[in-house]
Amino acid sequence: MTLLQLMPDDAPDTVLLRTTDTTVIAKTLAGHGVELRHWPVRGPVTPQDDSDEILQRYRAEVDELSVRQCFRLVDVARLHPSDDPARSAQAAKARTTFLEEHRHAENEVRFFAHGRGCFYLHLDGQVFATVCEAGDLLSVPAGTRHWFDMGARPDFTAIRFFEEEDGWVGDFTGDPLARSFPTLDALVGTPEPAAP
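Residues numbered from 1 in each chain as written. Predicted model: local features only at pLDDT ≥ 70, side-chain atom pairs only at ≥ 80, totals over all residues. Heavy atoms only, no water.

A. Region of the structure containing the overall build of the protein. Tallying secondary structure elements over the protein gives five helices and 11 strands in all. Across the protein, every contact between residues at least 6 apart in sequence was considered, and the portion connecting residues at least 24 apart equals 76%. Total accessible area computed for the protein in this model is approximately 9500 Å², and 52% of it derives from carbon and sulfur atoms. Each charge sign in the protein was given a centre, from 19 positive and 32 negative side chains, and these centres are 2 Å apart. (Helix = DSSP H or I, 4+ residues; strand = E, 2+ residues; numbered from the N terminus. Contact = heavy atoms within 4.5 Å. Areas by Shrake-Rupley, 256 points an atom, 1.4 Å probe, with all protein chains shown as cover. Lys, Arg positive; Asp, Glu negative; His and termini not counted. Charge placed at Lys NZ, Arg CZ, Asp CG, Glu CD.)

B. Here's a closer look at unusual backbone geometry. Residues other than glycine seldom take positive phi values, yet Cys70 does so here, at roughly 60°. By the element assignment, Cys70 lies in the loop between helix H3 (59-69) and strand E4 (73-79).

C. Highlighting the environment of Thr19. Topologically, Thr19 is positioned in strand E2 (residues 17-19). A distance of 3.0 Å separates the side chain of Thr19 from the backbone nitrogen of Asp21, its partner in a polar contact. (Polar contact = N/O pair within 3.5 Å; in protein donor to acceptor, adjacent residues only side chain to side chain.)

D. Inspection of the pattern of salt bridges at higher detail. For the coordinates displayed, the defined rule picks out 16 salt bridges. For Arg42, the salt bridge is made with Glu61, and the minimal N-O distance between the two is 2.7 Å. Here the residue Arg42 occupies a position in the loop between strand E3 (35-38) and helix H2 (51-57), and Glu61 occupies one in helix H3, the gap between them amounting to 19 residues. According to the relative accessible area criterion, Glu61 is buried, its value standing at 15%. (Salt bridge = Lys/Arg side-chain N within 4 Å of Asp/Glu carboxyl O. Buried < 20%, exposed > 50% of the residue type's maximum accessible area, 1.4 Å probe, protein only.)

E. Highlighting the packing of aromatic side chains. The full count for this structure, using the stated rule, is 11 aromatic pairs. With a centroid separation of 4.7 Å and an interplanar angle of 50°, the aromatic rings of Phe119 and Phe148 are classed as tilted. On the criterion of sequence distance, the pair formed by Phe119 in strand E6 (residues 108-123) and Phe148 in strand E9 (residues 145-149) is long-range, its members being 29 residues apart. Each of the two residues, Phe119 as well as Phe148, counts as buried. The interplanar angle of 75° and the centroid separation of 5.9 Å between the aromatic rings of Phe148 and Phe156 together place this pair among those described as edge-to-face. Relative accessible area serves as the criterion here: at 9%, Phe148 is assigned to the buried category. For Phe156, a relative accessible area of 6% gives the class buried. Taken together through their ring pairs, the aromatic side chains of Trp39, Tyr58, Phe71, Phe111 and Phe161 make up a single cluster. (Phe/Tyr/Trp six-rings, centres within 6.5 Å; stacked < 30°, edge-to-face > 60°.)

F. Summary view of the state of the cysteines. Under the criterion given, the structure shown has zero disulfides. For the unlinked cysteine Cys132, the closest cysteine sulfur is that of Cys118, found at 7.6 Å. The buried category is assigned to Cys132, whose relative accessible area is 0%. (Disulfide = S-S within 2.5 Å.)

G. Quick look at the pairing of E6. Of all 16 residues in E6, 14 are buried; the element is thus mostly enclosed. The pairing of E6 with strand E8 (residues 136-140) spans four bridges and is antiparallel. Each residue of the ladder has a partner; that of Phe111, found in E8, is Leu137. Linking E6 to strand E7 (residues 126-133), which pair antiparallel, is a turn of two residues; within it Asp124 sits at a positive phi near 50°. Judged from the five bridges that link them, E6 and E9 form a sheet pairing that is antiparallel. Bridge pairing links Leu121 to His146 in E9. (Pairing = 2+ DSSP bridges.)

The following block contains the structure:
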């Protein structure tokens, strides 16, 4: 379910807007320069699918967007639930990193081919918690303060677009603000797994 929950940045328990209406979500975000679009979902994604296969499914859309916005690097980021302690530790470390508020020197553009994740956009004194699911393409303008939550048991596949070939480079703000806001799991009503 695509979801937008809007909260003041100094009152995370105050919900100003909560909607799953994608038209309202897209219009609300567009008012702040953020674009939400939808691409058709092409087949289920499994842990066995390789990145090239996933990119090939969306080749026409990826090529069109890359040419139009001058993207030089396109890759696939993915995490699937695992009972392997090493993979679970890797996922937990990645989650912790992305939960810190940061910004980028270029637009952050992501297409969810599978699963879901939440971008928390810190704009004009408010936090726009934007839960994206399979089919959602989100474009966040360069310099936007934000963080990302993949959930306690990550399950997503996202195609990432970069203007520069150095890929993901985050400028962390050091602001602990993100720790005050509801997690992805809390937003969508998924219970957090018990600690081992």
